[in-house]
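Architecture at a glance
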Amino acid sequence: MSALERIKNYVTSNISYDLTNESDFFELGLVDSLFALQLVAFVEQEFGFSIEPEDLDIAHFCSIAALHKFVESKLG
Amino acid sequence: MQSDLTESHLAVRSRIRDFAKSQLESVANEIDATQVTPASVINAMAENGWLGAALPTDWGGGGLDPLAYGLVTEEVGRVSSAVRSLMTVHNMSTQALLRFGSDEQRARWLPALCKGQKRIAFALTEPNTRGASGEIKTLVEEDGDGYRLTGQKTWITYGQIADLFLVFARQGKMPVAFLVERGTPGFTTEAIVDPLGTRGSMLAKLNFDRVRVEASHRVGKVGAGLNFVASTALDHGRYSVAWGATGIVRACLEASTQYATHSTQDASALIGHQLIQRRLTNILMHETTARALCYRAAQFRCRQDARAAAETSLAKYHAADVAFDAATHAVAIHGGMGCSADLPIARYLRDATVLTIIEGTQEMLQTALSSYAARKLHAEG
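The sections below set out a description of the structure shown in this document. Bear in mind that the values here come from a model prediction, so they are computed numbers and not experimental data.

1. Some thoughts on the overall build of chain B
When helices and strands are tallied, chain B shows eleven helices and ten strands. Computed over its C-alpha atoms, the radius of gyration of chain B comes to 21 Å, within 12% of the 21 Å expected for a compact globule of 381 residues. Its C-alpha atoms put chain B at 80 × 55 × 40 Å along the principal axes. The 381 residues of chain B split such that 55% are buried. Carbon and sulfur atoms provide 52% of the accessible area of chain B, an area that totals close to 15,400 Å². When the 39 basic and 38 acidic side-chain charges of chain B are each reduced to a single mean position, those positions are 3 Å apart.

2. Considering the nonpolar core
Grouped together as the largest cluster of nonpolar side chains are 55 residues, with contacts concentrated most on Phe25 of chain A together with Leu166 of chain B. At eight residues, helix α2 (residues 33-47) of chain A tops the list of elements feeding residues into this core. Judged by nonpolar contacts, the second largest core, of 38 residues, contains Leu253, Ile276, Leu280 and Ala315 of chain B.

3. Side note on the side chain of Thr154 of chain B
Residue and element names in this part refer to chain B. The topology assignment puts Thr154 in strand β3 (residues 146-156). The class of Thr154 is buried, set by a relative accessible area of 8%. Residues in contact with Thr154, not counting those within four places in the same chain, are Thr125, Glu126, Pro127, Ile192, Ala204 and Lys205.

4. Quick look at the layout of surface pockets
There is about 1,100 Å³ of room inside the second largest pocket. Every residue lining the second largest pocket is counted, 37 residues in all, and those nearest its centre are Gln95, Arg99, His236, Arg301 and Gln304 of chain B. Put simply, the parts of the chain that give the lining of the second largest pocket at least two residues each are α2 of chain A together with α4 (66-79), α5 (81-100), α7 (225-262), α8 (274-302) and α9 (308-334) of chain B. For the lining of the second largest pocket, the element with the most residues is α2 of chain A, which contributes six residues.

5. Describing the environment of Gly49 of chain B
For Gly49 of chain B, the location among the structural elements is in the loop between α3 (39-47) and α4. On a C-alpha basis, the gap between Gly49 of chain B and Leu149 of chain B in space is 33 Å, while along the polypeptide they are 100 residues apart.

6. Some words on α7 of chain B
An α-helix turns once per 3.6 residues; consequently, residues spaced three or four apart project the same way. The end-to-end C-alpha distance of α7 of chain B is 53 Å, a good match for the 56 Å that 38 residues give at a rise of 1.5 Å each. The largest bend along α7 of chain B reaches roughly 35° and is located at Ser231 of chain B.

7. Observations concerning the packing of aromatic side chains
Any aromatic ring pair is given by two values, namely how distant the centres are and how the planes are angled relative to each other. One pass over the structure, following the stated rule, counts 14 aromatic pairs over all chains. Aromatic side chains Phe165 of chain B and Phe187 of chain B sit 5.0 Å apart centroid to centroid with 85° between the ring planes, which places their arrangement in the edge-to-face category. Highlighted residues: Phe165 of chain B in strand β4 (residues 164-171) and Phe187 of chain B in strand β6 (residues 187-191), separated in sequence by 22 residues. Take Phe187 of chain B: its relative accessible area is 8%, and that puts it in the buried class. Aromatic side chains Phe187 of chain B and Phe208 of chain B sit 4.8 Å apart centroid to centroid with 5° between the ring planes, which places their arrangement in the stacked category. Taken together, the residues span a long stretch of sequence, with Phe187 of chain B in strand β6 and Phe208 of chain B in strand β7 (residues 204-214) at a distance of 21 residues. Three or more aromatic residues joined by ring pairs make a cluster, and in this case those are Phe49, Phe61 and Phe70 of chain A together with Phe228 of chain B.

8. Digging into the interface of chain B and chain A
Across the contact, 24 residues belong to chain B and 25 residues belong to chain A. For the pair chain B and chain A, the summed buried area comes to about 2,100 Å², and 57% of that belongs to carbon and sulfur atoms. For chain B, the biggest contributors to the area lost against chain A are Phe228, Ala306 and Arg375 of chain B; these three give 32% of the whole. The interface formed by chain B and chain A includes three salt bridges.

9. A few points about the environment of Ile271 of chain B
Residue and element names in this part refer to chain B. With respect to the helices and strands, Ile271 occurs in the loop between β10 (268-269) and α8. With a relative accessible area of 31%, Ile271 lands in the partly exposed category. When the C-alpha positions of Ile271 and Ser256 are compared, they lie 9.4 Å apart, and in sequence the two are 15 residues distant. Not counting residues within four places of it along the chain, the set of residues in contact with Ile271 comprises Ala260, Thr261, Ile276, Gln277 and Leu280.

10. A closer look at unusual backbone geometry
Residue and element names in this part refer to chain B. Unlike most non-glycine residues, Arg210 shows phi in positive territory, near 50°. Take Arg210: it is sitting in strand β7. By relative accessible area, Arg210 is classed as partly exposed at 40%.

11. What about the pairing of β3 of chain B?
Residue and element names in this part refer to chain B. When strand β2 (residues 139-143) meets β3, the two strands line up antiparallel, connected through five bridges. Bridging across to β3, Leu139 finds its partner in Thr150. Linkage of β2 to β3, two consecutive antiparallel strands, is achieved through a turn of two residues, within which Gly144 is found at a positive phi near 65°. Bridge count for β3 against β7 is eight bridges, and the pairing is antiparallel. Bridging across to β7, Leu149 finds its partner in Val211.

12. Overview of the pattern of salt bridges
Tallied over the full model, the rule gives 27 salt bridges over all chains. The salt bridge involving Glu44 of chain A is made with Arg99 of chain B; its shortest N-O contact spans 2.8 Å. Taken together, the positions of Glu44 of chain A in helix α2 and Arg99 of chain B in helix α5 put the pair across two chains. Through salt bridges that share partners, Glu74, Arg78, Arg250, Glu254, Glu287 and Arg291 of chain B make up one connected network.

Calculation rules
- Residues numbered from 1 in each chain as written.
- Chains lettered and ligands numbered in written order.
- Predicted model: local features only at pLDDT ≥ 70, side-chain atom pairs only at ≥ 80, totals over all residues.
- Heavy atoms only, no water.
- Helix = DSSP H or I, 4+ residues; strand = E, 2+ residues; numbered from the N terminus.
- Rg over C-alpha atoms; globule rule 2.2 N^0.38 Å.
- Buried < 20%, exposed > 50% of the residue type's maximum accessible area, 1.4 Å probe, protein only.
- Areas by Shrake-Rupley, 256 points an atom, 1.4 Å probe, with all protein chains shown as cover.
- Lys, Arg positive; Asp, Glu negative; His and termini not counted.
- Charge placed at Lys NZ, Arg CZ, Asp CG, Glu CD.
- Core = buried A, V, L, I, M, F, W, Y, C linked by side-chain atoms within 4.5 Å.
- Contact = heavy atoms within 4.5 Å.
- 1 Å grid on protein atoms, 1.4 Å probe; cavity = no way out; pocket = protein on both sides within 12 Å on 5 of 7 lines; lining within 4 Å.
- Points joined across faces, edges and corners; volume = space filled by probe spheres on them.
- Expected span 1.5 Å × (residues − 1).
- Bend = angle between axes of the 7 residues up to and from the residue.
- Phe/Tyr/Trp six-rings, centres within 6.5 Å; stacked < 30°, edge-to-face > 60°.
- Buried area = accessible area lost by both parts, 1.4 Å probe.
- Salt bridge = Lys/Arg side-chain N within 4 Å of Asp/Glu carboxyl O.
- Pairing = 2+ DSSP bridges.

So far we have only geometry, and geometry alone does not tell us how the molecule works.
The following block contains the structure:
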């Protein structure tokens with residue numbers, strides 16, 4: 001399963017909303033800071049890298065597409 | 001749940017029980033009455049490793065796993081909610097620094113914090129915001145190669161004596177976190193006296209009058225202050241409060257059972273009266289369910305499950321709720337003595353009330369947990 005599919009599966013399994021890859025689920029008010037922490041933990045465990053302080057920008061976590069882009073940048 | 005405890009867990013629980021009995025029990029009422037935690041108590045907590053108990057051994061901490069740390073917190077909370085609150089804020093702030101601090105910040109601060117030699121407080125709440133972290137009015141502006149910080153914080157636990165503060169501010173619309181040291185020019189603290197509960201937690205208001213902080217004191221990126229730095233710290237704080245609340249319930253159960261067994265009404269022991277039995281049963285249920293949720297949260301945290309923060313919020317919400325109810329029952333069981341300063345019962349009720357407000361009010365947690373409920377059910381199909 002590709003990284004995008006893994007991310008999409010995780011996000012859509014937690015958010016009951018008709019999301020596109022670009023839907024900003026924080027701006028839409030669908031999730032909160034608890035889910036932000038949940039996403040950080042998911043990314044670290046699923047893809048096996050530590051999220052560094054300089055990575056902690058909500059722009060990396062706000063949509064499926066943003067997450068995918070961020071993960072790809074870390075995996076190289 | 002008891003079966004989840006290893007020999008190591010049992011040993012640390014035994015050690016903290018001995019410490020609480022010998023070092024805290026006899027001074028807990030005095031701490032509440034004088035609104036001061038003596039330096040000797042704080043130093044003993046540090047020297048015995050309790051302040052840094054959950055922090056990594058690499059940095060001088062105790063390296064306890066989440067379950068062990070929970071057990072320690074419960075035992076301290078059972079005796080003194082004020083001293084437990086010192087553990088809470090010190091650990092939560094240090095954990096945030098550990099996670100988001102720069103290499104330079106970690107090297108400079110973690111050794112002393114992990115050993116409890118320096119104390120750190122968590123400064124998020126502001127006057128008139130009722131803990132709503134999205135309404136931060138403390139502002140920061142760039143000043144050369146540093147920043148200027150202006151604003152106020154309030155209800156800061158152990159703000160009267162902390163050496164270092166993890167302060168949350170706003171740069172424009174972006175939240176940002178800073179470390180501010182006591183004694184920095186323009187930074188002053190003033191004691192808050194006569195709070196309802198955890199009266200020994202030496203609360204303070206903080207005033208920042210164009211306080212200059214170096215760029216090297218910023219924790220994390222601009223914009224990461226709330227969703228990540230504060231949220232991570234609050235998660236650790238809620239975990240501690242959940243176990244501390246369970247400790248209060250345990251204290252209520254012990255005191256109420258003892259009192260009801262040895263006190264009489266109408267020539268028979270109180271414990272023989274059905275309405276007293278109902279109250280004792282309720283306290284027992286509260287102790288059982290609070291501890292069950294704390295253990296559950298510990299399990300999620302031990303395996304680093306992505307849902308650990310949400311499950312921890314659930315534990316805090318429930319444990320604080322039932323601690324208040326348990327303390328209410330305890331006061332009723334004790335009658336007039338439940339209102340007397342001669343016993344700790346009234347203190348349990350006052351302290352339990354505070355737990356429903358700190359680290360996220362019950363109402364704020366309801367908002368967050370209802371969202372979690374929707375996610376949880378959706379994920380479970």
